[in-house]
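Listed below, chain by chain, are the residues.
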Amino acid sequence: MKAAVLHEFHTPLVIEEFDMPTVGDDDVLIQVAACGMCHTDIKVQEGEIPLQLPAVLGHEISGVVVGTGKGQAAAFKEGDRVTVGMRYRCGRCKYCISGMENLCQTRTQGTPYIQPGGAEVTRWNLGGFTQYMTIPGYMLFRLPDGVDIEESSVVGCRVTTAYNAVKNAAQLAPGESAAVIGCGGVGLNTIQFLSVFGAYPIIAVDVMDSKLEAAKRYGATHTINASGIDAVEAIKDLTSGGADKSFEAIGNPITADQVVRSTRAGGTATLIGSLVGQQLLLKDAGFAFREVTIRGVAMRRTTDVIEVLDMVQQGRIDISSFITKRYPYQDINTAIDDVHQGNVLMGVVLWGD
Ligand SMILES: [Zn+2]
Ligand SMILES: [Zn+2]
């Protein structure tokens, strides 16, 4: 089987040959159909996230079951269409046993891939840029009928993270005003869920007009191009003093400060973009006196994946139009370039023969 290997940071991935993985008792062997190219993979490729090289990246995976370990034989059968919705967990800590596996602090790691000759290659996160992989059964979700297998690959990351932000972190109620700074994949999905949940107005903020146009298609009622104006003041003007719920979907300390300042007294500022390792300076600590809640988002809960897959099946949300490009695995480095240059809303890499 083939997989894409990162040997050195800032260098292209290389397609190489591997042995088929050994299936553990609690594992399921899947033939990967698609694996999304996410900004997080690119951060890894650029050395912003520490890991041991060489490594196989990729964490937005869908595929077909081709084998099961003893412990999973009753749960899955060959031919089942699945998507990966969770990350590794310990299964024993207070988070794991209370349905909050997304907060588990003692995650296990996938076994390395082995090359003919015995060389080991680390799996970063799930290691989904491959034709075949083993994965613990608890991480897999069967696809409802009618849900496209390639499109479903992105559900377990960017789509469900946005859902978790709107539903659980911000606890958005119908009629509340909302602002989203950053209209990439997560931001646009956040806007779509805000629309489904009944927010109004829904204000999209970005510095690229093309992204603001896309935001309108997913439900933004107002757009602000922040390249020439003060986004905080513009949001306050549109919401009589601040949004009930505001969202940062980039992972940038400057825009994180902006969402806190553009939230009304008593409202909630939700920081979706990862700020790990960065310093967050708030221009005005008056948020405390205004009782603004600052909320974080860590991936998703198991129930989020189930609910979102149902919403996709029922047509209550649209994910097809997000997948603006599909790349054969031989062109995986073009996918990286396109995400870099903002040429795609979401791109997926296809791993079929
Ligand atoms: Zn992702
Ligand atoms: Zn745990």
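Residues numbered from 1 in each chain as written. Chains lettered and ligands numbered in written order. Predicted model: local features only at pLDDT ≥ 70, side-chain atom pairs only at ≥ 80, totals over all residues.

Asks: So, the sheet that holds strand 4 (residues 55-56): which residues are in play, and what are the values?
Replies: The strand order across the open sheet formed by three strands is 4-8-7, and the pairing between neighbours is mixed. Two strands lie at the open edges of the sheet, namely strand 4 and strand 7 (113-114), each paired on one side alone. Two strands pair when backbone bridges link them, and strand 7 and strand 8 (residues 120-123) are joined in this way by two bridges, in the antiparallel orientation. Note on strand 8: the bridge partner recorded for Tyr113 is Val121. (Pairing = 2+ DSSP bridges. Helix = DSSP H or I, 4+ residues; strand = E, 2+ residues; numbered from the N terminus.)

Asks: A description of the packing of helix 2 (residues 155-169) against helix 7 (residues 302-313) should follow, citing residues and the corresponding values.
Replies: Contact geometry of helix 2 with helix 7 gives a least axis separation of 10 Å together with a crossing angle of 100°. Our classification of the angle between helix 2 and helix 7 gives roughly perpendicular. Of the residues in helix 7, those in contact with Val155, Gly156, Val159, Thr160, Tyr163 and Asn164 of helix 2 are Asp304, Val305, Val308, Leu309 and Val312. In the contact of helix 2 with helix 7, the residues fall into seven nonpolar, three polar and one charged. (Axes fitted to C-alpha atoms, helices over the stretch in contact; angles between N-to-C directions. Parallel < 35°, antiparallel > 145°, perpendicular 65-115°, else oblique. Contact = placed C-beta atoms within 7 Å. Nonpolar A, V, L, I, M, F, W, Y, C, P; charged D, E, K, R; others polar.)

Asks: Now, about the environment of Tyr200: what can you tell me, with residues and values included?
Replies: Position of Tyr200 relative to the elements: it lies in the loop between helix 3 (185-197) and strand 12 (202-206). With 70 residues separating them along the chain, Tyr200 and Thr130 place their C-alpha atoms 42 Å apart. Excluding anything up to four places from it in sequence, Tyr200 contacts Gly175, Ser177 and Thr221.

Asks: Residues and numbers for the pairing of strand 12, please.
Replies: Of all five residues in strand 12, five are buried; the element is thus mostly enclosed. Relative to strand 13 (residues 222-225), strand 12 is paired through four bridges, and the arrangement is parallel. Opposite Ile203, over in strand 13, you have His222 as the bridge partner. What joins strand 12 to strand 13 is helix 4 (residues 209-217), and the crossover it makes is right-handed. (Buried ≥ 20, exposed ≤ 12 C-beta atoms within 10 Å, placed from the backbone. Right-handed = clockwise from strand over helix to strand, strands pointing away.)

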